[in-house]
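Summary of the model geometry
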Amino acid sequence: MKKFIIENKSLVLLWVLCGIALFIFCGHYGNILLDIGREIYYPEKILEGKVLYKDLFNIYGPFAYLYNALLYKIFSPNLGTLYFSGILCSFGIVSGIYLIARKFLSEFLSVAIAAFTIMTGVCATHLFNFTLPYSWAMLYGTVGFIYSVWALIKYKKENKLEYLYLASLLGGFCVSNKYDFFV
């Protein structure tokens, strides 16, 4: 564990900053008129037997709602379950942004970009943030896209076919969340 911390001190620092920001800002939203009820309501209705696109009008890909319904089934249908998923996505996005930036930039700039990601995604109290977004499909698709790009970069550097397969799988995951990401 010490070896990991010493070798990845910048990433650990970002995790600490992200954790502090999540502790302070998770559950705080500045606009009471945000229409995020669909993201909370649809997974619960799926558990009750409703069918996406037939009973529930939906403009996004099916994965996010089905995944959140699975989380509701495992844990319980409440905001805490969604906050937990958002917290995991927050750490995933910040880590992924840092890892991609580190491939092209200095350590300082990579940390700065990831810290900016924390400020704009975790500390945000507006329409889109990482802990309770307007669209879970967009959040999950963004996580898939970031790690798909990371895997493509690893494939180009190391020329291992496993990374190309992983990039393709994550690209498909991305598109299954938000059809717009296909382009």
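Keep in mind that this is a model prediction, so the values were computed, not measured.

**Topic: the pattern of salt bridges**
Taken as a whole, this structure holds three salt bridges when the rule is applied. Notably, a salt bridge pairs E48 with K45, separated by 2.8 Å at the nearest N-O pair. Classification of E48 by relative accessible area gives exposed; the value is 51%. For K45, a relative accessible area of 17% corresponds to the buried category. K154 is the partner of E158 in a salt bridge, and the nearest nitrogen-oxygen pair spans 2.9 Å. One end of the pair is E158 and the other is K154, both in helix 7 (residues 136-158) and four residues apart, which spans about a single turn. A single salt-bridge network, built from bridges that share partners, covers K154, E158 and K160.

**A closer look at the side chain of T117**
Its location among the elements puts T117 in helix 6 (residues 107-122). Sequence-distant contacts of T117, defined by excluding residues within four places in its chain, comprise I93, V94, I97, V122 and F130.

**Observations regarding the packing of helix 2 (residues 9-25) against helix 5 (residues 79-104)**
Put simply, helix 2 and helix 5 touch, their axes get as near as 10 Å, and they point 145° apart. Between helix 2 and helix 5 lies a crossing whose hand is right-handed. Residues S10, L11, L14, W15, C18, G19 and L22 of helix 2 form the contact with helix 5, whose own contacting residues are I87, S90, F91, V94, S95 and Y98.

**Considerations on unusual backbone geometry**
Of note, Y53 is a non-glycine position whose phi angle comes to about 70°, a positive value. Turning to its location among the elements, Y53 is positioned in the loop between helix 3 (37-47) and helix 4 (63-74). Overall, Y53 belongs to the partly exposed group, its relative accessible area being 43%. Although it is not a glycine, N159 sits at a positive phi angle of roughly 55°. Positionally, N159 belongs in the loop between helix 7 and helix 8 (161-177).

Reading the values: rules and limits
- Residues numbered from 1 in each chain as written.
- Predicted model: local features only at pLDDT ≥ 70, side-chain atom pairs only at ≥ 80, totals over all residues.
- Heavy atoms only, no water.
- Salt bridge = Lys/Arg side-chain N within 4 Å of Asp/Glu carboxyl O.
- Buried < 20%, exposed > 50% of the residue type's maximum accessible area, 1.4 Å probe, protein only.
- Helix = DSSP H or I, 4+ residues; strand = E, 2+ residues; numbered from the N terminus.
- Contact = heavy atoms within 4.5 Å.
- Axes fitted to C-alpha atoms, helices over the stretch in contact; angles between N-to-C directions.
- Left-handed = near helix turned anticlockwise from the far one by under 90°.

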